Amino acid sequence: MKVAVMGVAGRMGQELVRAAHAAGCSIVGGVEREGSPAIGSDVGVVAGLTPLGVSVTSDALDAISRCDGILDFTSPKATVEFAALAANARAVHVIGTTGLTPGDEAQIAAAARHAPIVKAGNMSLGVNLLMALTRRVAEALDEDFDIEIVEMHHRDKVDAPSGTALMLGAAAAEGRGLDLRQHSVRARDGVTGPRRRGDIGFASLRGGSVVGEHRVIFAGPGERVELAHVAGDRSVFARGAVKALLWGHGRAPGLYSMSDVLGL
């Protein structure tokens, strides 16, 4: 499978190149923003591999036109642009970008009418299993059990709560039959009053080099159930993304999730 990696010089971009190469994919493109010092460098060398004979470019149109699929963990603005280009090229688009607005989501959904898109706030197998468990536990335990979601990431992460935390919140809300938008509590400060029954709380921690930690707490009268996932290495996300890419190759146009990829 011929693959192009967006944001190829970033930490996740490099992981994606290594994972795709290890899976036997042919890396035919690596895209960076215009003005990046990586422009012109060999994609393999940028990722710590032997040279692959492919230079980093800022020309996303050219890179996408030559591939079967793209791996994209970039920014919302860039991802929306790449979605349109991938749709025109009928290329699989794997999206791990977080912080997307409802408007961004709508444009991605429109692109999915023309090409397969696999989108998830987290590509790891463990996290997607955690989502399934969260849904089941939320369904089994009634509102006597308050739900709190705690996440921690490295100091450079720019969005909060994390995309994964929001996915877990959505899973919990689905299990309870709730609209997350009406029951989401993102911050507490000062005299907030007692906790409202049925709310789903979020807490975001930032510091150091933490790759990603998520915990879902079900706190009931006299007892507590906790589900957790700890990512110690970004390669878990890259391997999941490549799995999604290979799964999506040859699929009908549509917007898919990692639950589809993993049969959950």
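Residues numbered from 1 in each chain as written. Predicted model: local features only at pLDDT ≥ 70, side-chain atom pairs only at ≥ 80, totals over all residues. Heavy atoms only, no water.

> Even after reading the chapter, I still don't get the environment of Y256, so can you show me in this structure?
Among the structural elements, Y256 can be located in strand β12 (residues 254-256). The sequence separation of Y256 and P116 amounts to 140 residues, and the corresponding C-alpha distance is 7.3 Å. Aside from chain neighbours lying at most four places away, what touches Y256 is P116, I117, V118, K119, W247 and R251. From its side chain, Y256 meets the backbone oxygen of A252 in a polar contact 2.9 Å long. (Helix = DSSP H or I, 4+ residues; strand = E, 2+ residues; numbered from the N terminus. Contact = heavy atoms within 4.5 Å. Polar contact = N/O pair within 3.5 Å; in protein donor to acceptor, adjacent residues only side chain to side chain.)

> What am I meant to see in helix α6 (residues 125-140) here?
Given 3.6 residues per turn, any residue in an α-helix points the same way as the ones three and four places further on. In a regular helix each residue adds 1.5 Å, so 16 residues correspond to 22 Å; α6 covers 23 Å between its end C-alpha atoms and thus fits that length. Considered for burial, the residues of α6 that qualify are V127, N128, L130, M131, A132, T134, V137 and A138. (Expected span 1.5 Å × (residues − 1). Buried < 20%, exposed > 50% of the residue type's maximum accessible area, 1.4 Å probe, protein only.)

> I'm lost on the sheet that holds strand β2 (residues 26-31) in this one. Help?
Pairing is parallel across the open sheet formed by 7 strands, whose spatial order is β3-β2-β1-β4-β5-β6-β12. Either end of the sheet is taken by a strand with one partner, and the two such strands are β3 (56-57) and β12. Bridging between strand β6 (residues 116-119) and β12 involves 3 bridges; their strand directions are parallel. Paired with I117 across the two strands is L255, which belongs to β12. Against the sheet, helix α4 (residues 76-89) touches β1 (2-6), β4 (69-72) and β5 (92-95), its axis set at about 165° to β5. (Pairing = 2+ DSSP bridges. Axes fitted to C-alpha atoms, helices over the stretch in contact; angles between N-to-C directions.)

> Looking at this structure, I do not really get the pairing of β4. What am I missing?
If a strand is regular, its side chains alternate between the two faces of the sheet. Of the two faces of β4, the one holding G69 and L71 and the one holding I70 and D72 are both buried throughout. Two elements, β1 and β4, share 4 bridges in a ladder whose sense is parallel. From the neighbouring strand, V3 faces β4, where its bridge partner is G69. In this fold, the crossover linking β4 to β5 by way of α4 has right-handed handedness. (Right-handed = clockwise from strand over helix to strand, strands pointing away.)

Purely spatial values, then, with no claim about function.
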